[in-house]
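Structure assessment
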Amino acid sequence: MKETVEYRASSPNDLLIFALRDVSHVMHVLYEGKGSQKRVLMVLQEIGAPITQRDLTERLGIRPASASEVIAKLESAGCIVRTPSPSDRRTAEITLTELGKARASEARAQRARRHEEMFSCLTDEEKAALLGLLAKVNADWQSRYRGAIQDWNPHAGKPQRGDGDA
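Small disclaimer: the values here were computed from a predicted structure and weren't measured.

A few words on the environment of S36. With respect to the helices, strands and loops of the structure, S36 is situated in the loop between α1 (12-30) and α2 (37-47). Sequence-wise, S36 and S66 are 30 residues apart; in three dimensions their C-alpha atoms are separated by 9.4 Å. A polar contact of 3.1 Å, which involves the side chain of S36, links it to the backbone nitrogen of R39.

Moving on, we get to the pattern of salt bridges. For the coordinates displayed, the defined rule picks out 7 salt bridges. Linking D22 and R21 is a salt bridge whose minimum nitrogen-to-oxygen distance equals 3.4 Å. Overall, the relative accessible area of 46% leaves R21 in the partly exposed class. The salt bridge involving K73 is made with E69; its shortest N-O contact spans 3.4 Å. Placement of both K73 and E69 in helix α4 (residues 64-76) is noted, with a separation of 4 residues, approximately one turn of the helix.

Below, the discussion takes up the packing of helix α3 (residues 53-60) against α4. Packing of α3 against α4 brings their axes to within 10 Å, and their N-to-C directions diverge by 110°. The pairing of α3 with α4 is recorded here as roughly perpendicular in orientation. Helix-helix and strand crossings are classified by hand; for α3 and α4 the assignment is right-handed. For the pair α3 and α4, contact is made by Q53, L56 and T57 and by P64, A67, S68 and I71, respectively. Of the residues that constitute the contact of α3 with α4, the class distribution is 4 nonpolar, 3 polar and no charged.

So, how was this worked out
- Residues numbered from 1 in each chain as written.
- Predicted model: local features only at pLDDT ≥ 70, side-chain atom pairs only at ≥ 80, totals over all residues.
- Heavy atoms only, no water.
- Helix = DSSP H or I, 4+ residues; strand = E, 2+ residues; numbered from the N terminus.
- Polar contact = N/O pair within 3.5 Å; in protein donor to acceptor, adjacent residues only side chain to side chain.
- Salt bridge = Lys/Arg side-chain N within 4 Å of Asp/Glu carboxyl O.
- Buried < 20%, exposed > 50% of the residue type's maximum accessible area, 1.4 Å probe, protein only.
- Axes fitted to C-alpha atoms, helices over the stretch in contact; angles between N-to-C directions.
- Parallel < 35°, antiparallel > 145°, perpendicular 65-115°, else oblique.
- Left-handed = near helix turned anticlockwise from the far one by under 90°.
- Contact = heavy atoms within 4.5 Å.
- Nonpolar A, V, L, I, M, F, W, Y, C, P; charged D, E, K, R; others polar.

Right, here's the structure in full:
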């Protein structure tokens, strides 16, 4: 049973903010999280080569303690292995195992199915129109609110891969 949410708002702008907030909430609930095991596996699969814990932590945009915890869990589950770096014995390199590769592929397929399902209510034309409108609003907000966005996001300005979407 689908619930309809009604808003008491004084303007279309208020209605847009409420609608975007609700969409954001659903995406947050469905998203695996920046430091989730699934995301770590997918990032490692995308890289395809050994990576240091420090580089992985930076790429994920999470705290080192959070990365250590998820890496330890993945290692004990047999999804990754840590080996001493040939160039710096104080550093370990992280590599996916065959089990980790299989779980990363499964997580990627689940994400693709979820993305397909999330927008199945829209036609291709509606998706294109929505994408154009969101791009326009996002570009304006990035320019208009740059300082506030950088203050809020400690990783703003750092190059990030597009692998963090819902």
